[in-house]
Amino acid sequence: MQQSKTEISVEIGEAAAVLDIRGDVTVATEPALFEAHEKACRQGAQRILLKMTEDTYVDSGGIAALLQLLVKVRESGQKAALSGVSRHNRKVLNMVGVDRLADIYNTAELALSCLDRWK
Amino acid sequence: MTRHHLANTIELDLFNRPGAERIAMTCAGAFAKLAGCPSARIEDLKTVVAEATDNAVTHGNRQRPDGRVKVSIRLEDGAIHVAVTDEGNGLEREVPDPDFDRILAGEAPPAGIGIFLMRRLSDRLAFEPLSKGGHIVRITVRCH
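Treat the numbers as computed from the prediction; the structure is a model and nothing was measured.

A.B. asks: Help me understand the packing of aromatic side chains, please; the structure alone is not making it clear to me.
C.D. replies: Centre distance and the angle of the planes are the two values used to describe a pair of aromatic rings. All names here are of chain B. Applying the stated rule across the entire model yields one aromatic pair over all chains. Ring geometry for F100 against F116: centres 5.0 Å apart, planes inclined by 65 degrees, an arrangement best described as edge-to-face. Of the two residues, F100 sits in helix α3 (residues 100–104) while F116 sits in helix α4 (residues 113–121), which places them 16 residues apart along the sequence. For F100, a relative accessible area of 11% puts it in the buried group. For F116, a relative accessible area of 4% translates into the label buried. Cation over ring: R17 sits above F15, and NZ or CZ is 4.4 Å from the ring centre.

Below, the structure written as C-alpha cells:
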C-alpha cells in the first residue's frame, strides 16, 4: 500500500508566505515543511501561514513536526498562523500548545487579513 | 481481512506496514458511526486507534514485514472498546506526559505526543503484556 505524498507549495504574498499543505501532516512531512519554510525565509518572509484543509490528516508525528517548525519560526522572529484546521485537529493542536506558538483561523483569508496587521 | 463473528464486534488482522493505521481508524470510525456516536467522539476514537495501531507497527512489531497487528472493535454499554495487539513486548517503562513548556521553549524534543493524545482522547487506556507473548492496548471511548 502506498502512502500518500504530501506536497507543500510556497506562495509569497504581501500579507504572508503561504505554505499550502496538500496531503497528510505526518512525520514524513517534516522535511518538506522545513524545506518550504527555508524557501520562504530565503525570500524574506516575516509572516508564515500554514494552510491546511478540513480533511488534512494530522498524526502525532505531524504534530511534533509542526511544533518544531513553529518553534523555529518564533526563534527566527517571524509570526505564524494556521488556517483550514478541522474542529478535531484544532482541539488536538490546542491540547499540545500549538495555539501558544501560532494563531489558528478557520479560513486562509481571515488568517491573511490578521497577519497583514502584524508588524 | 475483516470478519464479523459477533453482531457487535469486528476484528481486523492487518499487515505490519504504514497504512495499517488508516484502515484501523477508518473501520473504527465507521463502526462508531453505526453505533450512533456523535462526530466529536468518533474523531477522538479515530485518533486514538490510529496512534495505537501506528505504535504497534512501528514499535511493537518494529516494522517487521511478517508481523501482524490485530484490532478488535466492540460496542458494549454505550462505549466503543478497541483492543490493538502486536507481537512486541510493550512499553519498557511508563511514558510520562510531554513537558510542553520545555517543548514550546525549544528546550526539549516533542516526544511522547502519541501516547499523550491517546490518554487525553480516550476514557480508558491500558497497556498489557500477553502471557503467550505479545502486547495489547485496550482503549475505551464512550459514545456520550
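A.B. asks: Hey, could you run me through the side chain of N16(B) in this one?
C.D. replies: Residues and elements named next belong to chain B. On the secondary structure map, N16 appears in the loop between β2 (9–15) and α1 (20–34). What makes N16 buried here is its relative accessible area of 2%. Among the polar contacts listed, one links the side chain of N16 to the side chain of N61, at a separation of 3.0 Å. Among the polar contacts made by the side chain of N16, one reaches the main-chain carbonyl oxygen of R64 at a distance of 2.9 Å. Aside from chain neighbours lying at most four places away, what touches N16 is A56, V57, N61, Q63, R64, G67, R68 and V69.

A.B. asks: Could you clarify how one ought to interpret the state of the cysteines in this entry?
C.D. replies: Any covalent bond linking the sulfur atoms of two cysteines counts as a disulfide. All names here are of chain B. As enumerated under the stated definition, the model contains one disulfide over all chains in all. The residue that forms a disulfide with C37 is C143, at a sulfur-sulfur distance of 2.1 Å. Residue C37 is found in the loop between α1 and α2 (39–60), and its partner C143 is found in the segment after β6 (135–142); the two are separated by 106 residues along the sequence. Across the pair, C143 and C37 agree in class, each one buried.

Reading the values: the criteria
- Residues numbered from 1 in each chain as written.
- Chains lettered and ligands numbered in written order.
- Predicted model: local features only at pLDDT ≥ 70, side-chain atom pairs only at ≥ 80, totals over all residues.
- Heavy atoms only, no water.
- Phe/Tyr/Trp six-rings, centres within 6.5 Å; stacked < 30°, edge-to-face > 60°.
- Helix = DSSP H or I, 4+ residues; strand = E, 2+ residues; numbered from the N terminus.
- Buried < 20%, exposed > 50% of the residue type's maximum accessible area, 1.4 Å probe, protein only.
- Lys NZ or Arg CZ within 6 Å of the ring centre and 35° of its normal.
- Polar contact = N/O pair within 3.5 Å; in protein donor to acceptor, adjacent residues only side chain to side chain.
- Contact = heavy atoms within 4.5 Å.
- Disulfide = S-S within 2.5 Å.

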